[in-house]
Amino acid sequence: MENYQKLLARLAEIGHVSSSLAVLGWDQQCYMPTGGARERAEQFATLGKIAHEMFTGDETRALLEGAESEAAGLAPESDERLTLRVVRRSFDQSSKLPTKLVQDLAKAEAIGHEVWVKARETSNFKAFAPTLEQLLDLSRQKAEHLGYEGGVLYDALLDQFEPGMKTAEVERVFGELRPGLVGLVQEIAAAPQIDDSVLKRDYPEENQKAFADFLVAKLGFDFSRGRQDKAVHPFCTSFGRDDVRITTRYDKNWLPCAIMGSIHETGHALYEQGFDAKDADTPLANAAGLGVHESQSRLWENIIGRSRNFWAVYLPEAKKHFKASLKDVDVETFYRAINKVEPSTIRVEADEVTYNLHIMLRFELEKQMLSGQLAVKDVPEAWNAKMQEYLGIQPSDDAHGCLQDVHWSGGMFGYFPTYALGTLLSAQLYDKALRDEPGIEAELSRGDFGSLLNWLRENVHKPGARYLPAELVERVCGEPAQSRSYLSYLRGKFGQLYGLN
Ligand code: ZN
């Protein structure tokens, strides 16, 4: 296995370049002075080029081919074969795209971002339309080079974020989910509404930080192998399994912003910190896909972090940090407030019930734009009509409608479904965890997350990138991805909260 060993060594080196890029990216969002932007962009470009050339170069190709023939006789489930499958997938994806197209895309995305920021500020969709048109065109070209079957161009784009996932599969799952969600939103709208004003009281930032760090550690985030910092947009990034960074942001008069945001990013971080130690620095120490990644953040944020059990234990702790604002608040009031459902026009502010409807809308419009069925100039109208149909509301302007998300300006078509797939999978995995480990809920009611985390470690984290998302779901749950678990979770929880029958 000489070629295989050499390939692993080369991939580890490429990984070190990529991790260094990630350090620079983290620093840019957390600490870099604004004046550093121009030089930082050049540092990104240089390191990015080095990593790309090392990965797609002839040396890597020769080692990969050599390693594949060395491993041909091994079992398909051997670590060597699974590793080579991961490498082959990304090697083919990277080398299928002509350099000219990669450069055109990078340029269009950089310009696209600037144009989008301005267009959103002034809510001027017309100013963004030509850029969107160009990004769609380049993405179509990209899909043609990546290849797809059965005339479904969207498959090629989706596959970049959720390996192996097919558009038809997403349509099937969303089709099951949609009527249940729309119905639930309507029933909740007709019920007496929840008062969440306790969350809008005065919450000093330094106290929020202390409480967020406390919770994050309780959930199992290892501070000897990670940090939490402040950034404009919350995110999780990793420089290897032993150095995982999360960020959060603070709103003095909206407690969930930092607290629930921290729990969400902790879910992502536990996945990254939970890869098998023996896989460190290899292609297997990676997520199966973005949907699986999001299942981890949603499980901890929503199923655990928005549960009555959780706040029964941790509200008394919160009261130590926010003496004045939480003094008169009981568990039930807090639990209800943190679960208030309210259709809003903004995806990132959406609650558990309405969130996936925001995603379905984007998924449907993306497919129609890419196929040419929906002209770019008609996007705002189509967007607003769908908002009305799904959530019964319309945005005040395009800044709060079709211009709100960064994804399209970065050419990220096919990304949105992973958010919803992750949300559904969070409930499906949790159901299975409870069947395997019936003691989990009793532990949770004592504020102990050990058994749940262990189950996730063994079933989801340690396998890393060994399996495609659909294979992982099938292996762990014994069935394909489904929306049943999520719908029944929502029905149970919000039926009780809103007194529905
Ligand atoms: Zn997330």
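Residues numbered from 1 in each chain as written. Predicted model: local features only at pLDDT ≥ 70, side-chain atom pairs only at ≥ 80, totals over all residues. Heavy atoms only, no water.

1. Considering the nonpolar core
Spelled out, the test is: For the purposes of this section, nonpolar cores are sets of buried Ala, Val, Leu, Ile, Met, Phe, Trp, Tyr and Cys residues that join through side-chain atoms within 4.5 Å. Three labels apply to residues, based on accessible area from a 1.4 Å probe with only protein chains included: buried if under 20% of the type maximum, exposed if over 50%, partly exposed otherwise in between. Each domain's extent was defined by an automatic or database domain assignment.
Grouped together as the largest cluster of nonpolar side chains are 123 residues, with contacts concentrated most on Trp300, Ile304 and Trp311. Here this core spans two domains, since at least three of its residues come from each of domain 1 (2–147) and domain 2 (167–498). The next biggest cluster of nonpolar side chains, apart from the first, holds 16 residues, and it includes Tyr4, Leu7, Met54 and Ala67.

2. Remarks on the sheet that holds strand β2 (residues 236–238)
Inclusion rule: Any two strands with at least two DSSP-identified bridges between them are counted as paired. To qualify as a helix, a DSSP run of H or I must reach at least 4 residues; to qualify as a strand, a run of E must reach at least 2; elements of each kind are numbered from the N terminus. Fitting a line to C-alpha atoms yields each axis, with helices limited to the stretch in contact; the angle taken between N-to-C directions then spans 0 to 180 degrees.
Overall, mixed pairing links the three strands, which are arranged β1-β3-β2 in an open sheet. Edge strands, defined here as strands with exactly one partner in the open sheet, are β1 (226–230) and β2. Direction aside, neighbouring strands of the sheet carry axes that sit 20° apart on average. Alignment of β2 against strand β3 (residues 244–248), held across three bridges, turns out to be antiparallel. Residue Thr237 lies in a different strand from β3, and its bridge partner there is Arg245.

3. Examining the packing of aromatic side chains
We count it as follows: The aromatic pairing rule takes the rings of Phe, Tyr and Trp, using the six-membered ring of Trp, and pairs them if the centres are within 6.5 Å, calling planes under 30 degrees apart stacked, those over 60 edge-to-face and the rest tilted. Geometrically, a charge over a ring is one whose NZ (Lys) or CZ (Arg) sits within 6 Å of the ring centre while staying within 35 degrees of the ring normal.
In total, this model carries 24 aromatic pairs according to the counting rule given. Taking 5.1 Å as the distance between ring centres and 80° as the angle between the ring planes, the aromatic pair formed by Tyr203 and Phe322 counts as edge-to-face. You can see Tyr203 sitting in the loop between α8 (167–190) and α9 (205–219) and its partner Phe322 sitting in the loop between α12 (308–321) and α13 (323–326), a full 119 residues away along the chain. In terms of burial, Tyr203 and Phe322 fall into one category: buried. When the centroid spacing of 6.2 Å and the interplanar angle of 45° are considered together, the rings of Phe416 and Tyr419 count as tilted. The structure contains a cluster of three or more aromatic residues connected by ring pairs, namely Tyr203, Phe211, Phe214, Trp300, Phe310, Trp311, Tyr314, Phe322, Phe334 and Phe449. Its end group placed over the ring of Trp26, Arg245 keeps NZ or CZ at 4.5 Å from the ring centre. Between the NZ or CZ atom of Arg298 and the centre of the ring of Tyr355, over which it lies, the distance is 4.2 Å.

4. Looking at the coordination of the zinc ion
As a reminder, the rule being used: A donor here means any N, O or S atom no more than 2.8 Å from the metal (3.2 Å for Na, K and Ca); water is not included, so a site may seem to lack partners.
In this structure, His264 (NE2), His268 (NE2) and Glu294 (OE) serve as the protein donors to the zinc ion, at separations of 2.1 to 2.3 Å. Counting along the primary sequence, the residues that act as donors to the zinc ion give the motif H-x3-H-x25-E. Of this pair, His268 sits in helix α10 (residues 255–273) while Glu294 sits in helix α11 (residues 290–304), placing them 26 residues apart in sequence. Comparing His268 with Glu294 shows no difference in burial state: the two are buried.

5. Structural notes on the packing of helix α2 (residues 37–56) against helix α4 (residues 79–96)
Selection rule: What sets the label is the angle itself: under 35 degrees gives roughly parallel, over 145 gives roughly antiparallel, 65 to 115 gives roughly perpendicular, and the rest give oblique. In this scheme the crossing of two helices becomes right-handed for a clockwise turn of the near helix relative to the far one and left-handed for an anticlockwise turn of less than a right angle. Only heavy atoms enter the contact rule, under which two residues are in contact if any of them lie within 4.5 Å. Here the nonpolar group is Ala, Val, Leu, Ile, Met, Phe, Trp, Tyr, Cys and Pro; Asp, Glu, Lys and Arg are the charged ones; every other residue, Gly included, is treated as polar.
Across the interface, α2 lies against α4 with an axial gap of 10 Å and an inter-helix angle of 115°. Judged by the angle between their axes, α2 and α4 are roughly perpendicular. Crossing geometry of α2 relative to α4 is assigned as left-handed. Between α2 and α4, the residues in contact are His52, Phe55 and Thr56 and Val87, Ser90, Phe91, Ser94 and Ser95, respectively. Residue classes in the contact of α2 with α4 are distributed as three nonpolar, five polar and no charged.

6. Focus: the pattern of salt bridges
The condition that has to hold: In what follows, salt bridge is the name for a side-chain nitrogen of Lys or Arg lying within 4 Å of a carboxyl oxygen of Asp or Glu.
Enumeration over the complete set of coordinates arrives at 43 salt bridges. We note a salt bridge from Arg85 to Glu471, for which the minimum N-O separation is 2.8 Å. Of the two residues, Arg85 is situated in helix α4 and Glu471 in helix α20 (residues 469–477); the sequence distance between them amounts to 386 residues. Lys200 serves as the salt-bridge partner of Asp196, at 3.3 Å between the closest nitrogen and oxygen. The exposure class assigned to Lys200 is partly exposed, which follows from its relative accessible area of 46%. Salt bridges sharing partners connect three or more residues here, namely Asp79, Asp276, Lys278, Asp279 and Arg466.

7. Digging into the environment of Met369
Relative to the helices and strands, Met369 resides in helix α15 (residues 355–371). For Met369, a relative accessible area of 1% gives the class buried. Taking the C-alpha atoms as reference points, Met369 and Glu342, separated by 27 residues in sequence, lie 29 Å from one another. Once you skip the residues sitting within four places of it in the chain, Met369 turns out to touch Leu132, Leu136, Arg140, Leu374, Val379 and Trp408.

8. Here's the deal with the packing of α15 against helix α16 (residues 379–391)
Two quantities define a packed helix pair, namely the angle between the helix axes and the distance between the axes. Between α15 and α16, the shortest axis-to-axis distance is 10 Å and the interhelical angle comes to 145°. With respect to the hand of their crossing, α15 and α16 are arranged in right-handed fashion. Here α15 contributes Leu357, His358, Met360, Leu361, Arg362, Glu364, Leu365 and Met369 to the contact with α16, which in turn contributes Val379, Ala382, Trp383, Lys386, Met387, Tyr390 and Leu391. Across the contact of α15 with α16, the residue classes tally to eleven nonpolar, one polar and three charged.

9. Some details on the domain arrangement of the chain
As a reminder, the rule being used: Buried area: the accessible area, evaluated with a 1.4 Å probe, that two parts lose upon being put together, summed over both parts.
Segmenting the chain into domains produces domain 1 (2–147) and domain 2 (167–498). Taken over C-alpha atoms, the centre of domain 1 sits 26 Å from the centre of domain 2. Each partner contributes residues to the interface: domain 1 has 36 residues there, and domain 2 has 40 residues. Regarding the contact of domain 1 and domain 2, the summed buried area is about 3,200 Å², with carbon and sulfur atoms giving 63% of it.

10. So, the side chain of Asp159
Our working definition: Here a polar contact means two N or O atoms within 3.5 Å. Within protein one must be a hydrogen donor candidate and the other an acceptor candidate, and residues neighboring in sequence count only if both atoms are side-chain atoms.
When you line up the elements, Asp159 lands in helix α7 (residues 153–161). Taking relative accessible area as the criterion, Asp159 reaches 12% and is therefore assigned buried. For Asp159, the side chain forms a polar contact with the side chain of Arg89, separated by 2.8 Å.

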